[in-house]
Amino acid sequence: GAGVSQTPSNKVTEKGKYVELRCDPISGHTALYWYRQSLGQGPEFLIYFQGTGAADDSGLPNDRFFAVRPEGSVSTLKIQRTERGDSAVYLCASSLSGGAETQYFGPGTRLLVL
Amino acid sequence: AQRVTQPEKLLSVFKGAPVELKCNYSYSGSPELFWYVQYSRQRLQLLLRHISRESIKGFTADLNKGETSFHLKKPFAQEEDSAMYYCALGVRGRRALTFGSGTRLQVQP
């Protein structure tokens, strides 16, 4: 089947604007993760959903970042009042049940805040 | 807090040479260790995990709890092994992975 998909693939915005990044997990995967990858760094955890609920949001850097997964499938990462430091690749991953199993990554959304 | 260290940003070897990508972690409990790989213009994908104790594409990695290491090894590098490699740490009770900063492996002909 299809893998994890993310849209848009690239997003350019201006400082202070609001952006939404979308993730479509593998069908049937109940666990969904968001990571952020800055240049030259590995992915950094942001938030994890089990079903519709955010089971762990300890990685969200501040209250400008918010994510939802209302029907337990597609998730949207929302960033308010974007700052230049938010520029990064935002990665989404999903796994079957959220146990210690493989996380399957999407291609990422490259966000550039001017 | 958990931490993963990959000391080499770039490792360049010739085809047929042995490869060792270093990974050290800090965590006081029982870790779950993974190696992820990202080939050029492809998405991040799992290469192997210590629980499985398997060899994938000729790569192996052994968890050494005494040295808190999980180095990735391959006896004979191939050009198609050229990629970015990330070591990742999972801990019990928490699904998030902690990644290292990655090592770029270049295998020259």
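Values in this document were obtained by computation on a predicted structure and should not be read as measured data.

Rules used in this analysis
- Residues numbered from 1 in each chain as written.
- Chains lettered and ligands numbered in written order.
- Predicted model: local features only at pLDDT ≥ 70, side-chain atom pairs only at ≥ 80, totals over all residues.
- Heavy atoms only, no water.
- Disulfide = S-S within 2.5 Å.
- Helix = DSSP H or I, 4+ residues; strand = E, 2+ residues; numbered from the N terminus.
- Buried < 20%, exposed > 50% of the residue type's maximum accessible area, 1.4 Å probe, protein only.
- Pairing = 2+ DSSP bridges.
- Axes fitted to C-alpha atoms, helices over the stretch in contact; angles between N-to-C directions.
- Contact = heavy atoms within 4.5 Å.
- Buried area = accessible area lost by both parts, 1.4 Å probe.
- Polar contact = N/O pair within 3.5 Å; in protein donor to acceptor, adjacent residues only side chain to side chain.
- Nonpolar A, V, L, I, M, F, W, Y, C, P; charged D, E, K, R; others polar.
- pLDDT = per-residue confidence, 0-100.

So, the state of the cysteines
The tally for this structure, following the rule as stated, stands at two disulfides over all chains. The partner cysteine of Cys23(A) in its disulfide is Cys92(A), sulfur to sulfur 1.8 Å. Taking the sign of the S-S torsion, about -65° here, the bridge from Cys23(A) to Cys92(A) comes out left-handed. Residue Cys23(A) is found in strand E3 (residues 19–24), and its partner Cys92(A) is found in strand E9 (residues 88–95); the two are separated by 69 residues along the sequence. Accessibility assignment for this pair places Cys23(A) and Cys92(A) in one class, buried. The disulfide bridge from Cys23(B) ends at Cys87(B), spanning 2.0 Å between sulfur atoms. Taking the torsion about the S-S bond as the criterion, the Cys23(B) to Cys87(B) disulfide, at about -65°, is left-handed. Of this pair, Cys23(B) sits in the loop between strand E3 (19–21) and strand E4 (24–26) while Cys87(B) sits in strand E9 (residues 83–91), and the two are 64 residues apart along the sequence.

Section: the sheet that holds strand E8 (residues 72–74) of chain B
All names here are of chain B. The strand order across the open sheet built from three strands is E3-E8-E7, with neighbouring strands paired in antiparallel fashion. The open sheet has two free edges, formed respectively by E3 and strand E7 (60–61), since each of these has just one partner strand. As paired elements, E7 and E8 share two bridges and run antiparallel to each other. In the sheet register, Thr60 faces E8, and the bridge partner there is Lys73.

Re the pairing of E3(A)
Residue and element names in this part refer to chain A. Here E3 shows one buried face, formed by Val19, Leu21 and Cys23, and one open face, formed by Glu20, Arg22 and Asp24. Pairing analysis gives three bridges linking strand E1 (residues 5–7) to E3, with the strands arranged antiparallel. Residue pairing in the sheet places Ser5 in a bridge with Asp24 of E3. With five bridges connecting them, E3 and strand E8 (residues 75–79) associate as antiparallel partners. Within E8, the residue paired with Arg22 across the bridge is Thr76.

As for the sheet that holds E8(A)
All names here are of chain A. One open sheet holds the four strands; their spatial order is E1-E3-E8-E7, and the pairing between them is antiparallel. Where the open sheet ends on each side, the last strands, each with one partner, are E1 and strand E7 (65–68). Between one strand axis and the next, the sheet turns through 15° on average, direction left out of account.

Observations regarding the interface of chain B and chain A
Listed per partner, the contact involves 15 residues of chain B and 22 residues of chain A. When chain B packs against chain A, the two sides together hide about 1500 Å² of surface, and 50% of this comes from carbon and sulfur. The largest contributions to the chain B side of the interface with chain A come from Arg43(B), Leu44(B) and Arg95(B), which together make up 37% of the buried area. Linking chain B to chain A there are six residue pairs in polar contact (both at pLDDT 80 or more). Elements represented by at least two residues in the side of chain B that touches chain A include exactly strand E5 (31–38), strand E6 (45–49) and strand E10 (94–99) of chain B. Here the side of chain B that touches chain A gets five residues from one element, more than from any other, and that element is E10(B). Looking at the side of chain B that touches chain A, its residues break down into seven nonpolar, two polar and six charged.

Structural notes on the environment of Gln108(B)
Residue and element names in this part refer to chain B. Note on placement: Gln108 falls in strand E11 (residues 103–108). Since its relative accessible area comes to 33%, Gln108 is described here as partly exposed. In this structure, the C-alpha to C-alpha distance between Gln108 and Arg95, residues 13 residues apart in sequence, is 37 Å. Filtering out sequence-adjacent residues up to four positions away, Gln108 remains in contact with Ser12, Val13, Phe14 and Lys15. There is a polar contact of 2.5 Å between the side chain of Gln108 and the side chain of Ser12.

Some points on the confidence of the model for chain B
Averaged over every residue, the pLDDT of chain B is 93; the share at 70 or more is 100%. By mean pLDDT, E10(B) is the weakest element of chain B at 89, and E11(B) is the strongest at 98.

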